[in-house]
Each structure stands twice: as C-alpha cells, then as structure tokens.
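Read off the chains here:
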Amino acid sequence: MEYVVQAEKLVKTYGEGHNRVEVLKGLDLAVRPGELFAIMGPSGSGKTTLLNILGLVIEPTEGRLRLGGEDIYNGKRRDLQRLRRERIGFIFQFANLIPFLTARENVLLPLELIGVRGRQAVQKGMELLDYLEVADRAEHLPEQLSGGERQRVAIARALANEPRVILADEPTASLDSERGLSVMRLLRKLSSERGTAILVVTHDTRMIGEVDRVIRLIDGQVVDEVTESTAPSEQPVIQH
Amino acid sequence: MNLALKDINYHRFKFFSSVAGVSQLLMVVLAIGGIIRGVIYDSAIIITETGADLWVVEKGTLGPFAELSRMPEDYYHAIEVIPGVVEASPLVMAWEHVVRPPRPTPLMKFMYRNAVLGTKTMVEPGWMDVPMEQRFVVIGSKPGRIGGPPRIIAGRGIEADNYEIVADAKAGFQLGERVRLGYHDYTVVGLTNNMVGLTADPVIYTTLKEAQQILFRPDPDLLRDRRRRFQQQFAQAATIAPRLADGLAYQASTVAEDTHFINAIAVKLEPGTSPDAVAQEIGRWKRLEVYTAPQQVNLQLMGSNRLILLQLSLFRVVLVLIAGIIIGLIIYTFTLDKVKEIAVLKLLGTPGRRIYGMIFQQAILMGVLGTLLGGALELAIEPFFPRRVEATYGDIGQMLVAMTVVAVLASVLAVRRAMKVDAQSVLGT
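Quick look at the structure, then.

## Considerations on empty space enclosed by the protein
Part 1 of the reasoning: Enumeration over the complete set of coordinates arrives at 4 cavities of 30 Å³ or more.
Part 2 of the reasoning: Here the largest cavity is characterised by a volume of approximately 80 Å³.
Part 3 of the reasoning: Every residue along the wall of the largest cavity is listed here: Arg-84, Arg-85, Ile-88, Gly-89, Phe-90, Pro-110, Arg-157, Ala-158 and Asn-161 of chain A together with Leu-347 and Leu-348 of chain B.
Part 4 of the reasoning: Elements that contribute at least two residues to the lining of the largest cavity include exactly helix H2 (80–87), strand S6 (88–91) and helix H5 (147–160) of chain A.
Part 5 of the reasoning: Among the elements that make up the lining of the largest cavity, the one with the highest residue count is S6 of chain A (3 residues).
Part 6 of the reasoning: Taken together, the residues that form the lining of the largest cavity break down as 6 nonpolar, 2 polar and 3 charged.
Part 7 of the reasoning: Roughly 50 Å³ of volume is contained in the second largest cavity.
Part 8 of the reasoning: Lining the second largest cavity are Ile-46, Pro-64, Phe-65, Met-93, Ala-94, Trp-95, Val-137, Gly-197 and Leu-198 of chain B.

So, in structure tokens, the structure goes:
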C-alpha cells in the first residue's frame, strides 16, 4: 500500500554523553492518503519532536522517513525548505497567520512561494477561502477575525500548495469545544474530499471521535494504536 | 507580494515615526554640510565674483583676505602692460563697522531669558543691551574696472566718486539710506545679493578713492599733532627762510595725510593665457606676491577656516554614524517584534533571502525616506539661518547613497538575529 508518510525506526537524541536524551526511540509510523491521523501523548512524550521531524524542520538521528514514497534522508543532500513549501501544509494552535497580511494574502503566500502568481493564484486563494466559508473576510487582517475564522484561514493557507500531508499542531486547543469540533469536522471533510493526509497532534480527547486513527506516544514510543473501527463510539479512546 | 511594504503598512505609525526621527537627525547632518558649503562659498564669493585670474599683493603677505597687504596705488599701471594682461584693477578692501541699535535674533532673546532665569547659557545678561556694531567689508575699485559690485538686485552701480555705496542686502540698508562711514555720509544707491566676506560680513562697494578715505584717512587729532610736529622740526629752517619752512611743513603734512594705498591688484588675463606664466612674470617684479584665484580661495579655507571646517566635517561624520546606529537599533527592534512571524515564514518554506531581504528593504527604505524628508526639512529651514547654509540636491543624493550603505550595514545585526530564528519554535508551543 502506498503511504504518504512513512517513518521507520525513527530515533532522535539530543545532547551527548551524560546529557544525552533519547526523545524518540525507534518509532514507526505510516499514514495513508486521505487519512485523519491523531498523535496523542503527555508532555515530553516526543510529539513535538516527531512533528518537527515529519515537518522536515529537524533531522532524525537514526531511521528512515519517506514522504510520498521518496526517501528524504537517503544520503543525498536535499533542499528541505523547498520540500516543505511544496509538499507539506502546517496548521498551528494559534493559527499563526502573518499579522501584516490580509486573510487572502496569507493564503496567497504559500502559492507565491511555489511560483503560482497573478490571477491564477488569486482565483485559487479565493476558492479556498470560499471552501472554508471565510471568503467574505478575505480582505481583513488576522486581528480583525475571530479565533475560528483565523483557524479556517490558516487551514486554507495549509491547503494552498496542495500538500499531500498536513501537520496540525493542536489545531483546536485555542478554541472552545464547539468551534474546536467544527474545525475537526472540517479537517475530516478535507481529508476525505481532497485525499490529503492530516496528522493532528492533540491533547483534546473530545476530538478523537473525528479521527481515523490515533497513536499514543509515551517516552518516545508508540504504546497504543486505535483505529476508528476499534474505538468505542461514545468514550474517548485514550485518556491521560 | 512585498513583505517589507506590507509590514510597513501594518506598522505604519511606528515605521514613519521612526523615519521622522531619523530624518531630523539627517536634517542636522545635511545642515552641517550646508554650513560647511556656506563657509566655503562665503570665503570664495568675492574672489570668484571679481572674476580676476590673479591677485597681486604686497611681497611676503598672503593677500588682502588673509593678511594685511599694502602697496602703492600706481603699481597697477606697471602690471597692465605685461603681455597677456587685459586689465589690472587696484582694489582697497578692509573691514569697517557702523554702530546700530541692538537687533537681537529670537534665539538670542530666548537665550537671554534663560540667562535672566538663572539657567547657564552662552549669553550673559547685559550682552543684549550693548549697541550692535555691524561689521562690513568695504571694497573700493575704480568705476568700470573689475572688482566693482556684482549681483545688483536693486538700484544701480557706482559710476563716479559721489559719496555713494552699493551694499549687500544682508546689511539691512534700504536704497537711499544715508550711512556714516569714516568722516562722511554715503548714500546707498544699490543692493547686491549674497556678497559677503569670509566671516559672512556683508560687503559695501564704493569707489577706490572714497574707500581709501573711509579706510586709510588718519584721525584729525593725529593729523593736527603731526602738523604741529612738522612745524617744530622746520622751526630752525624758519629762521633762515620762513616762507620755505612753511611750505616744507605743509608738504610733509600732506604726505602724512596721503591715502593712496591699495591692498591688492586684481588682474584679468586674456583667454588662453597661462596664469602661472604671468604670475611668474609679475613675481619677478619688486616687492610683489602673486596668487591665482584658486590659491587665494585655498589660502582662506586652509587658513582661518581650516579648523572650523575640519571640526564640522568630523561632527558630520559622527552624526552619520549615529544615524546608522539608530537605524540599526530601530530595525533590530522591528525584527525582534517579528521573530514569531519569521519562524512561521521559515516553516512555510520561505527562502532566507526573502526574509532577510524584507529586513534590508525596510532598513534601506528607512534610510532613503529619512534622507529625503531630512533633505526637504533642511532646504525648508535654510533661509532662517543667520549665515549662508547651502545644501544641494547633490548633497542629498550623496547622503542617499551613504545612508543606503549605512542602512544595509546597520541591518546586519537584525539579519543575524533573524537567521537565528528557529522554524521549530512555532511547533509544539
């Protein structure tokens, strides 16, 4: 089966000698296209490190990482920045929109970075904002948007470069439960309609019912994996 | 989309208030440049406007502007016959003054009030009450020859000895006004524009003969004393030839009253004639020193004005450096405010050159806008300076180039900070 993201025996250590800390200990992970995948775990479990490795921000100490079937660290020197802007979308806890750009310009930025400009870019940007139901806020600055609107614009930005995978870092943490659920359902819709794999790092157990698969990390290792079919319908799958 | 401009638009008050601050500093830098040019211009204006190629002065002296030079009036005839010389004009020039009622400037008044209030200032109470002695440079020349009043903006020139003067407008005289100079009253018949000496004293033009009267005529008490002494010296001769002694005493007294001196001879050469060759020819003559016009200007600039020009120039350099440091610090704080956005941009895969370019562009824009605004402010305030301040568009252009370089250098610190921003700082927070 083809995986969008495939990590094998990922190890990440920081420091040396007595100060050496192993954050990820041979972690395996595989995400299919269109899958909504949640990563949970307590603080210090290695979620952020994993997200940084999957986002090509930091390199693993050992192990293999494939993105869209391409081996990223196979000895060849790759332009990780370029891979990031072409293949990955990011959604953050606080939207992290660029404050001096309007909603439309925030969505256009990733397009411009991959060379899509002019009318084509504007049209695509507006389509995305329309798809996320914030087209009427296109010319507003982030500070003029509500938290939910900001997160929708951030999702539109993450989709702009048509990534095969979106990494979402606590996308509902700054929202109330109703808006959080709405965002999760939106991500669910995106993954199923667009075939984009979405990896969500979250502490929010209420959202688990919306995802296809959940892994739980403790001390850099996957201790539990639950798929939609194995999860009880009303109860949270994993609790801290 | 230009991130630098978008960010500036978003933080426009902060950015433009910073630009306003920088522009005021650069206004001072440009004004100092204007003051330096003003000093240079004032030092050269009489020489350049006279149009003389050579200045002939007393042997061993530096010329009429930098040192006292005296020589007989008739010398100019001998110079006029030298091949290549078109005209040799005898000139008299020296400082003279008139006493006028106090006319303090608003700044002086302000400082005076400070002094009255007990604040330490450069002006002491009482200085303001002293009648103002207005100094002039009096230049006398033969009508129709070089050295007469140029740049007449009102009235007329002087055609003959008639107790008339042409004064520079800066002196504050009106046409038709009577001015007491020496022992006579002179009528102002014309006004010139910006004709001042190297100390910025306005120039008064009159005829050679009248200038000699104003500047060289001895004090009447001194003359009376001299006549008495001559008569005593010739007293013995009076016992032998009374009528001869009286005549001799009178002649001696007349010699003492003689004012037929000049300070310089302005020489105009035929086109194509080498000034150095003619200067050499005149130099061979007895007791004369010859300077070309550029040498005369240089003597003034490198003489009495040298240190003040160097001082101002150094101060100007220091201010440019300070402007650079200020721009650097402003851009650095701007960058600190954007650390999170820079991290997001990096995470989205924005090339470094675009992020650092944003910082450079903002620094350069601040330098350029600061210079243009500073230049405009400087040009606006120039007329209010008591002395000539003359910044040019060329100065502003040079400052633009300098500030662009300074801004780029100043933003290096901010760029270094931006380079240290880690993209992973936005994940997991």
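Next comes the rest of the description.
## As for the nonpolar core
Part 1 of the reasoning: Val-5, Leu-29, Val-165 and Leu-199 of chain A together with Trp-55 of chain B are the most contacted members of the largest nonpolar core, which has 110 residues in total.
Part 2 of the reasoning: The element that contributes the greatest number of residues to this core is helix H2 (residues 12–50) of chain B, accounting for 14 residues.
Part 3 of the reasoning: Judged by nonpolar contacts, the second largest core, of 40 residues, contains Met-40, Ala-154, Ile-155 and Val-183 of chain A.

## Some remarks on the sheet that holds strand S4 (residues 62–67) of chain A
Residue and element names in this part refer to chain A.
Part 1 of the reasoning: Strands sit in the order S2-S1-S4-S5 across an open sheet of 4 strands; the sheet is antiparallel. Each having just a single partner strand, strand S2 (21–31) and strand S5 (70–71) make up the two edges of the open sheet.
Part 2 of the reasoning: Looking at chain direction, strand S1 (residues 5–14) and S4 are connected through 5 bridges and run antiparallel. Across the sheet, the residue bridging to Gln-6 is Arg-66, located in S4.

## Side note on the pattern of salt bridges
Part 1 of the reasoning: Tallying each qualifying case throughout the model produces 28 salt bridges over all chains.
Part 2 of the reasoning: In this structure, Arg-137 of chain A and Glu-149 of chain A form a salt bridge, with 3.3 Å as the shortest nitrogen-oxygen distance. On the criterion of sequence distance, the pair formed by Arg-137 of chain A in the loop between helix H4 (118–131) and H5 and Glu-149 of chain A in helix H5 is long-range, its members being 12 residues apart.
Part 3 of the reasoning: For Asp-7 of chain B, the salt bridge identified is with Lys-338 of chain B, shortest N-O distance 2.7 Å. Placement of Asp-7 of chain B in helix H1 (residues 3–10) and of Lys-338 of chain B in the loop between helix H11 (306–337) and helix H12 (339–347) is noted, with a sequence separation of 331 residues between them.
Part 4 of the reasoning: A residue is classified by how much of its surface remains accessible, and Asp-7 of chain B, at 2% relative accessible area, is buried.
Part 5 of the reasoning: Several salt bridges share partner residues, and in doing so they unite Asp-42, Arg-387, Arg-388 and Glu-390 of chain B into one network.

## Quick look at the packing of aromatic side chains
Part 1 of the reasoning: Throughout the structure, instances matching the rule amount to 6 aromatic pairs over all chains.
Part 2 of the reasoning: For the pair Tyr-163 of chain B and Tyr-186 of chain B, a centre-to-centre distance of 5.5 Å together with 55° between the ring planes defines the contact as tilted. Of this pair, Tyr-163 of chain B sits in the loop between strand S5 (152–155) and strand S6 (164–168) while Tyr-186 of chain B sits in strand S8 (residues 184–192); the two residues are 23 residues apart in sequence, bridging distant segments of the chain.
Part 3 of the reasoning: Given a relative accessible area of 38%, Tyr-163 of chain B falls into the partly exposed group.
Part 4 of the reasoning: Grouped by ring-pair contacts, the aromatic residues Phe-15, Phe-16 and Phe-334 of chain B constitute a single cluster.
Part 5 of the reasoning: Over the ring of Tyr-131 of chain A we find Lys-189 of chain A, and its NZ or CZ is 4.7 Å from the ring centre.

## Let's talk about the interface of chain A and chain B
Part 1 of the reasoning: In this complex, chain A contributes 26 residues to the contact, which on the side of chain B involves 25 residues.
Part 2 of the reasoning: At the boundary of chain A with chain B, the tally comes to 2 salt bridges.
Part 3 of the reasoning: Across the salt bridge formed by Glu-112 of chain A and Arg-354 of chain B, the nearest N and O atoms sit 2.4 Å from each other.
Part 4 of the reasoning: At the level of elements, helix H1 (47–54), H2 and helix H3 (103–113) of chain A are the ones that each hand at least two residues to the side of chain A that touches chain B.
Part 5 of the reasoning: No other element matches H3 of chain A, which puts 5 residues into the side of chain A that touches chain B.
Part 6 of the reasoning: Taken together, the residues that form the side of chain A that touches chain B break down as 14 nonpolar, 5 polar and 7 charged.

## Focus: the packing of H3 of chain A against H4 of chain A
Working note: a packed helix pair is described by the angle between its axes plus the distance between those axes.
Residue and element names in this part refer to chain A.
Part 1 of the reasoning: Two elements in contact, H3 and H4, have axes whose closest approach is 9 Å; the angle formed by their N-to-C orientations is 120°. When the interaxial angle is binned, H3 and H4 end up oblique. Between H3 and H4 lies a crossing of right-handed hand. Counted together, Ala-103, Arg-104, Val-107, Leu-108 and Leu-111 of H3 and Ala-121, Val-122, Lys-124, Gly-125, Met-126, Leu-128 and Leu-129 of H4 form the full contact between these two elements.
Part 2 of the reasoning: When grouped by side-chain class, the residues that make up the contact of H3 with H4 number 9 nonpolar, 1 polar and 2 charged.

Scoring rules and cut-offs
Residues numbered from 1 in each chain as written. Chains lettered and ligands numbered in written order. Predicted model: local features only at pLDDT ≥ 70, side-chain atom pairs only at ≥ 80, totals over all residues. Heavy atoms only, no water. 1 Å grid on protein atoms, 1.4 Å probe; cavity = no way out; pocket = protein on both sides within 12 Å on 5 of 7 lines; lining within 4 Å. Points joined across faces, edges and corners; volume = space filled by probe spheres on them. Helix = DSSP H or I, 4+ residues; strand = E, 2+ residues; numbered from the N terminus. Nonpolar A, V, L, I, M, F, W, Y, C, P; charged D, E, K, R; others polar. Core = buried A, V, L, I, M, F, W, Y, C linked by side-chain atoms within 4.5 Å. Buried < 20%, exposed > 50% of the residue type's maximum accessible area, 1.4 Å probe, protein only. Pairing = 2+ DSSP bridges. Salt bridge = Lys/Arg side-chain N within 4 Å of Asp/Glu carboxyl O. Phe/Tyr/Trp six-rings, centres within 6.5 Å; stacked < 30°, edge-to-face > 60°. Lys NZ or Arg CZ within 6 Å of the ring centre and 35° of its normal. Contact = heavy atoms within 4.5 Å. Axes fitted to C-alpha atoms, helices over the stretch in contact; angles between N-to-C directions. Parallel < 35°, antiparallel > 145°, perpendicular 65-115°, else oblique. Left-handed = near helix turned anticlockwise from the far one by under 90°.

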